[in-house]
Amino acid sequence: MSGKFITIEGIEGAGKSTCMAFLRQRIEQRGLAVVETREPGGTPLGEDLRALLLGHKHQGMSAEAELLLMFAARAEHLQQRIKPALARGDWVLCDRFTDATYAYQGAGRTLSAERVAQIEDWVQGPLRPDITLLLDIPVELGLERAGKRSAPDRFEAESLGFFRAVRQAYLDIAAAQPERVKRVDASLGLEQVQAQLAGFIDPLLAVAG
Ligand code: T5A
């Protein structure tokens, strides 16, 4: 039986971390093995790169360096965790993946989508998520939720305009790839968000047996 590669995306405070636990539980209830992970991160090298990327030590990091560090972390993640897990038949549940690079480094930092696509093809080959759950939320509400939880990291300190561009890029990806990317209204209460997630994930689980 082959596992599925599920990614969860959205702006800051959309509820990704909160929903990961729900999705994991739903998959495990079916007796399926699941690897829960995140980007940037998921490996020792990736977590060190995450600290560099999210911390405030390197303010003003160039957009190009940021893009390449995201993909460096992703290359390690794919080799060390994601591909081995999928090869074992495990399900992989990943908090952010390459759609975040299109949204943040592409739309947010205004690097070209063509450049991101070139590196994506090189690093990932043909591997893409089977399904991506996009938690969509107005920027102000997402940042309000994120702000209550912790002090802002290097990305969370960006402007409203930056996050509006990021949100719009996610919506554009969802419109362009409706088979893969499923939009969830994340402004609703947790139970209603989870019901939407279940509506997308349960058919995949039913096929898995
Ligand atoms: N990045 C990442 C890039 O720029 N390029 C890339 O290629 C990649 C992979 C990663 C950063 O890196 C950038 C993007 C990011 O800036 P992160 O920690 O993974 O950072 O992402 P964040 O978005 O910062 O994570 P957050 O924890 O802020 O947001 P979440 O996970 O979406 O939200 P969550 O679940 O922590 O919830 C936030 C608060 O809201 C509440 C929760 O209880 C929590 O308090 N909440 C709800 N409240 C009411 N109703 C609901 N439905 C709720 N759902 C959650």
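Residues numbered from 1 in each chain as written. Predicted model: local features only at pLDDT ≥ 70, side-chain atom pairs only at ≥ 80, totals over all residues. Heavy atoms only, no water.

**Some words on the side chain of Asp 95**
Here is step 1 of the chain: Mapping Asp 95 onto the fold places it in strand β3 (residues 91-95).
Here is step 2 of the chain: Notably, Asp 95 is buried but unbridged: the nearest opposite-charge side chain belongs to Arg 96, and the N-O separation is 4.8 Å. (Helix = DSSP H or I, 4+ residues; strand = E, 2+ residues; numbered from the N terminus. Buried < 20%, exposed > 50% of the residue type's maximum accessible area, 1.4 Å probe, protein only. Lys, Arg positive; Asp, Glu negative; His and termini not counted. Salt bridge = Lys/Arg side-chain N within 4 Å of Asp/Glu carboxyl O.)

**A word on the packing of helix α1 (residues 16-28) against helix α8 (residues 190-208)**
Here is step 1 of the chain: At a minimum axis separation of 10 Å, α1 and α8 run at an interaxial angle of 40°. If you check the angle between α1 and α8, you find them oblique. In the crossing of α1 with α8, the sense of the turn from one axis to the other is right-handed. Residue-level contacts link Thr 18, Cys 19, Phe 22, Leu 23, Arg 26 and Ile 27 of α1 to Leu 190, Val 193, Gln 194, Leu 197, Ala 198, Ile 201, Asp 202 and Leu 205 of α8. (Axes fitted to C-alpha atoms, helices over the stretch in contact; angles between N-to-C directions. Parallel < 35°, antiparallel > 145°, perpendicular 65-115°, else oblique. Left-handed = near helix turned anticlockwise from the far one by under 90°. Contact = heavy atoms within 4.5 Å.)

**Digging into the layout of surface pockets**
Here is step 1 of the chain: Size it by volume and the largest pocket reaches roughly 760 Å³.
Here is step 2 of the chain: Considering the residues around the largest pocket, the lining is formed by 36 residues, among which Lys 16, Ser 17, Asp 95, Arg 96 and Arg 149 are closest to the centre.
Here is step 3 of the chain: Sorting the residues of the lining of the largest pocket by element identifies α1, β2 (34-38), α2 (44-54), α3 (63-88), α4 (98-108), α6 (139-149) and α8 as the ones contributing at least two each.
Here is step 4 of the chain: Its residues assigned to classes, the lining of the largest pocket shows 15 nonpolar, eight polar and 13 charged. (1 Å grid on protein atoms, 1.4 Å probe; cavity = no way out; pocket = protein on both sides within 12 Å on 5 of 7 lines; lining within 4 Å. Points joined across faces, edges and corners; volume = space filled by probe spheres on them. Nonpolar A, V, L, I, M, F, W, Y, C, P; charged D, E, K, R; others polar.)

**Some remarks on the pattern of salt bridges**
Here is step 1 of the chain: Under the counting rule described, the total for this entry stands at 16 salt bridges.
Here is step 2 of the chain: Linking Arg 38 and Glu 47 is a salt bridge whose minimum nitrogen-to-oxygen distance equals 2.7 Å.
Here is step 3 of the chain: Given the relative accessible area of 33%, Arg 38 is considered partly exposed.
Here is step 4 of the chain: Overall, Glu 47 belongs to the partly exposed group, its relative accessible area being 28%.
Here is step 5 of the chain: For the salt bridge of Glu 158 with Arg 109, the shortest nitrogen-to-oxygen distance reads 2.8 Å. On the criterion of sequence distance, the pair formed by Glu 158 in the loop between α6 and α7 (160-176) and Arg 109 in the loop between α4 and α5 (113-124) is long-range, its members being 49 residues apart.
Here is step 6 of the chain: A relative accessible area of 27% places Glu 158 in the partly exposed class.
Here is step 7 of the chain: Owing to a relative accessible area of 18%, Arg 109 belongs among the buried residues under this scheme.
Here is step 8 of the chain: Via salt bridges that share partners, Glu 66, Arg 109, Arg 154 and Glu 158 belong to a single interconnected network.

**With respect to the site of the ligand**
Here is step 1 of the chain: The environment of the ligand is formed by 27 residues, the closest being Glu 12, Lys 16, Thr 18, Arg 96 and Arg 149.
Here is step 2 of the chain: Here an oxygen atom of the ligand sits 2.8 Å away from a polar atom, N or O, in the main chain of Gly 15.
Here is step 3 of the chain: The contact in question runs from an oxygen atom of the ligand to an N or O atom on the side chain of Arg 96, over 2.6 Å.
Here is step 4 of the chain: Burial of the ligand by the protein chains amounts to 84% of its free accessible area of 1000 Å². (Near = heavy atom within 4 Å. Polar contact = N/O pair within 3.5 Å; in protein donor to acceptor, adjacent residues only side chain to side chain. Areas by Shrake-Rupley, 256 points an atom, 1.4 Å probe, with all protein chains shown as cover.)

**Concerning the environment of Lys 182**
Here is step 1 of the chain: By the element assignment, Lys 182 lies in strand β5 (residues 181-185).
Here is step 2 of the chain: For the pair formed by Lys 182 and Thr 132, sequence separation is 50 residues and the distance between their alpha carbons is 6.1 Å.
Here is step 3 of the chain: The contacts of Lys 182, once residues within four sequence positions are left out, are Ile 131, Thr 132, Leu 133, Leu 134 and Phe 200.
Here is step 4 of the chain: For Lys 182, the side chain forms a polar contact with the main-chain oxygen of Glu 179, separated by 3.3 Å.

**Digging into the nonpolar core**
Here is step 1 of the chain: Membership of the largest hydrophobic core comes to 59 residues, with the highest contact counts inside it found for Ile 6, Leu 23, Ile 27, Trp 91, Tyr 104, Leu 135 and Leu 197.
Here is step 2 of the chain: When residues no more than four places from it in sequence are discounted, the contact partners of Leu 135 are Ile 8, Glu 9, Gly 10, Ile 11, Ala 14, Gly 15, Lys 16, Cys 19, Val 184, Ala 186, Val 193 and Leu 197. (Core = buried A, V, L, I, M, F, W, Y, C linked by side-chain atoms within 4.5 Å.)

**Re the sheet that holds strand β1 (residues 5-9)**
Here is step 1 of the chain: Read across the open sheet, the five strands follow the order β2-β3-β1-β4-β5; overall the sheet is parallel. Each edge of the open sheet carries a strand with a single partner, namely β2 and β5. Strand after strand, the sheet turns through a mean of 20° between neighbouring axes, direction not considered.
Here is step 2 of the chain: Bridging between strand β4 (residues 131-136) and β5 involves five bridges; their strand directions are parallel. (Pairing = 2+ DSSP bridges.)

**A look at unusual backbone geometry**
Here is step 1 of the chain: Pro 40 follows Glu 39 through a cis peptide bond whose omega is -10°.
Here is step 2 of the chain: When you line up the elements, Pro 40 lands in the loop between β2 and α2.
Here is step 3 of the chain: In this structure, Arg 96 is a non-glycine residue whose phi angle is positive, near 80°.
Here is step 4 of the chain: Residue placement: Arg 96 occurs in the loop between β3 and α4.
Here is step 5 of the chain: Accessibility expressed as a relative area gives 13% for Arg 96, which makes it buried.
Here is step 6 of the chain: The phi dihedral of Thr 110 is positive, around 60°, even though this residue is not glycine.
Here is step 7 of the chain: Residue classification places Thr 110 among the exposed positions, given a relative accessible area of 65%.

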